[in-house]
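Listed here are the chains, written in short residue letters.
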Amino acid sequence: MTQQKYSGRCLCGAIRYEIHGEIGEILHCHCQRCRKANGTAFATNAPVRIKDFKFTQGEHLLKTYQSSETTQRCFCQECGSPIIGIKASAPEFYRLRLGTLDSMITQKPTRHIFVADKASWEMICDGLPQHDQWP
């Protein structure tokens, strides 16, 4: 069986990473924290095993912000690109911000979460399942 390999980077290219393994379920999160952290209607995230994730450049430029008691958000201190999230409830995984991937993936998002908190101006029209909170 061939192991998957993915690569990605921040907007300015100062931080680069590789993933040697699988990317988990892709979710669109509409919680207020994700909207604020990304400056968008929602964040598209997927879990990746920490053991499969490796910074190949610029790890020293990664800034961490404790956005709640259980969540850290990590972003490039040069350009502000969100890279990963760290959840206390899943210590063996990072929450990868899919927009930073350079590699093509075949997976598609599976659902929307925290839609009870979605932006009032947003319309979800893709037909994916929607959950008011974490399912």
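Report on the accompanying structure. (Residues numbered from 1 in each chain as written. Predicted model: local features only at pLDDT ≥ 70, side-chain atom pairs only at ≥ 80, totals over all residues. Heavy atoms only, no water.)

### Remarks on the side chain of threonine 100
Then, in step 1: Tracing the chain through its elements places threonine 100 in the loop between β9 (93–97) and β10 (111–113).
Then, in step 2: A relative accessible area of 7% means that threonine 100 is categorised as buried.
Then, in step 3: Contact partners of threonine 100, with chain neighbours within four places excluded, come to Gly8, Arg9, Tyr17, Pro82 and Ile83. (Helix = DSSP H or I, 4+ residues; strand = E, 2+ residues; numbered from the N terminus. Buried < 20%, exposed > 50% of the residue type's maximum accessible area, 1.4 Å probe, protein only. Contact = heavy atoms within 4.5 Å.)

### Some points on the sheet that holds strand β2 (residues 16–19)
Then, in step 1: With antiparallel pairing, the three strands of this open sheet are ordered in space as β1-β2-β5. The open sheet is flanked by β1 (6–9) and β5 (53–57), the only strands paired with a single partner. Adjacent strand axes in the sheet meet at a mean angle of 25 degrees when their direction is disregarded.
Then, in step 2: Summarising the sheet, β1 and β2 pair through four bridges and their orientation is antiparallel. Among the inter-strand pairings, serine 7 is bridged to a residue of β2, identified as glutamate 18. (Pairing = 2+ DSSP bridges. Axes fitted to C-alpha atoms, helices over the stretch in contact; angles between N-to-C directions.)

### Some details on the pattern of salt bridges
Then, in step 1: A full pass over the atoms with the stated rule returns four salt bridges.
Then, in step 2: For arginine 9, the salt bridge is made with aspartate 102, and the minimal N-O distance between the two is 2.9 Å. In this pair, arginine 9 is assigned in strand β1 and aspartate 102 in the loop between β9 and β10, connecting sequence segments 93 residues apart.
Then, in step 3: Using a relative accessible area of 33% as the deciding quantity, one classes arginine 9 as partly exposed.
Then, in step 4: Note that aspartate 52 is salt-bridged to lysine 51, the shortest N-O span being 3.3 Å.
Then, in step 5: Look at aspartate 52 and you get buried, because its relative accessible area is 12%. (Salt bridge = Lys/Arg side-chain N within 4 Å of Asp/Glu carboxyl O.)

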